[in-house]
Amino acid sequence: MIPDMCCKEDEGLKIEGVSVNDIVEKYGTPVYVYSGSRIRENYRRLYDALKERYDKIRIHFAAKSNTNISILKILKEEGAKLDTVSVGEIYLALKAGFRPQDILFTGTNVSDDELNYLIDSNVVINVDSLSLLDWVLDKTHPEILSVRVNPTIGAGAHEHLITAGDDSKFGILERDIVKAYSKAQHAGVNRFGIHMHIGSGILDPDPHRKATGKLMNIVRNVREKTGIEFEFVDIGGGIGIPYEPQEKEMDLERFADEVIGCFKEKLEQYDLGNPYMCMEPGRYIVGDAGIILTRVNTIKKTKSKTLAGVDAGLHTLIRPAMYGAYHHMIHTGCTVDKEMETYDIMGPLCESSDFLGRERELPKLEESDILGILNAGAYGFTMASNYNSMLKPAEILINDSKHRLIREAETMEDLANKQRY
Ligand code: LLP
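Residue positions are counted from 1 within each chain, in the order its sequence is given. Totals for whole chains, interfaces and linings use all residues, but because this is a predicted model, local features are given only for residues with pLDDT of at least 70 and pairs of side-chain atoms are given and counted only at 80 or more. As a rule here, side-chain values cover all heavy atoms of the structure and leave hydrogens and water aside.

**Student:** So what about the environment of V85? Which residues, and what values?
**Tutor:** As for its position among the elements, V85 is in the loop between β6 (81-84) and α4 (87-95). Using a relative accessible area of 31% as the deciding quantity, one classes V85 as partly exposed. Discounting residues that sit within four places of it in the chain, V85 has contacts with K64, F105, T106 and G107. In this text, helices come from DSSP runs of H or I with a minimum length of four residues, and strands from runs of E with a minimum of two, each type numbered from the N-terminal end. Here's how the labels work: a residue is buried when its accessible area is under 20% of the maximum for its type, exposed when over 50%, partly exposed in between, all with a 1.4 Å probe on protein chains only. Between two residues, a contact is recorded if the distance between any of their heavy atoms is within 4.5 Å.

Listed below in structure tokens is the structure:
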């Protein structure tokens, strides 16, 4: 939740001093609103906690969580590098001003056209399969190359969010890692990184520490067999955030102690040099900095429930329908003297799964009330769609108590624009 979001009973919700009513009046609903200062705070908190314990830290923001160019620019100003997974993300990263050498590409199952774009754009490639490695070595002479390891220790808030394990689609298994680096070495590459990403939405430091230990053992093995001294070791993203009111934040101090502790211990124990330690958080940086404002259109009773229909739906935020994810909701208006009632919050799509929340206790709702859907800054807009020919919403950035449009809402013309008829 954005910390300086406050709700004065007479004025309604304000985000960093900007009234939700003003935003809704100006830009309509549904609308994504981000707090620039919260993004900076999140970045700095994580960077400082890691940097306090190890000097060579790099944070690659995971662009897949939010690719708005204005948000990418904030992170660039903070000193972040980028983790990208598609040529589209690279394109947006370059537009935001990132230098190619600060962009790591970790795509899986990449097409020939994408590969050609990659080579031309000169970003750092993190190969995810032996066949991609062969292709890269055949077509170019990379200045630096990284390999994504599947450490087979996976974790995540939902089974769809686990990205390592014996049969995972991501990364290269340990048994092939030495072969991969030797091949690259023989092809003349002489600067290397190593990478993993075990999953997403992990609030417990343990899986991060265990997987870091495993990765460092692999680093040692590669070092012994090939003599490679790594320039960077990237332990991926995956730090969770609390979505439900009773959930606790990840204990950052403990995380940093354990993960950096393990990393440094192995560096010293196996004499592995002085590589950069990289992390690739997405959700931790932008998740709680975003809120969706949505208008109640319909109140409807079924046999046993009261449904509140809002103008956001799974086309605006797919996480509840896709992962059963919980997003807390608040009434943004004046709620003095309102009784509480329990609602299922439904979207406007012709899909029975189009619910944003179930059994939510909220101050009694009326049509045209505005609800705020919290923690929507990561994997919100980037996963939005035009299903049912719905329009993607505007995005607004609040900075220093001022709001600014950072993406226009789509219009009907956008729906037909690329069609030929
Ligand atoms: N690095 C790599 C290689 C990744 O695949 C991911 C996320 C990240 C970093 C960033 O993970 P984060 O710190 O944000 O957890 N759509 C899902 C999340 C899928 C994440 C996939 N990879 C959701 O809405 O929860």
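**Student:** Can you explain the layout of surface pockets? Please cite residues and give values.
**Tutor:** Taking a probe equal in size to a water molecule and rolling it over the atoms shows the remaining empty space. Buriedness for pockets is judged along seven lines, at least five of which must meet protein on both sides within 12 Å for an open set on the 1 Å grid over protein atoms alone, while cavities are sets there where a 1.4 Å probe fits but cannot get out, and lining residues have an atom within 4 Å of a point. Grid points are joined across faces, edges and corners, and a volume is the space filled by probe spheres set on the points. The calculated volume of the largest pocket comes to roughly 610 Å³. Lining the largest pocket are 29 residues, with K64, T163, F170, H197 and Y379 positioned closest to its centre. Top element by residues in the lining of the largest pocket is helix α11 (residues 319-323). It accounts for 3 residues. Residues are grouped as follows: Ala, Val, Leu, Ile, Met, Phe, Trp, Tyr, Cys and Pro are nonpolar; Asp, Glu, Lys and Arg are charged; all remaining types, including Gly, are polar. Here the lining of the largest pocket is composed, by residue class, of 11 nonpolar, 11 polar and 7 charged. Formed jointly, the lining of the largest pocket draws a minimum of three residues from each of two domains, domain 1 (5-35 + 287-416) and domain 2 (36-286). Roughly 460 Å³ of volume is contained in the second largest pocket. Around the second largest pocket, the lining comprises 22 residues; the ones closest to its centre are Q101, N122, V123, V124 and I144. Elements that contribute at least two residues to the lining of the second largest pocket include exactly β5 (57-62), α5 (112-121) and β8 (124-127). Domain ranges listed in this record stem from an automatic or a database domain assignment.

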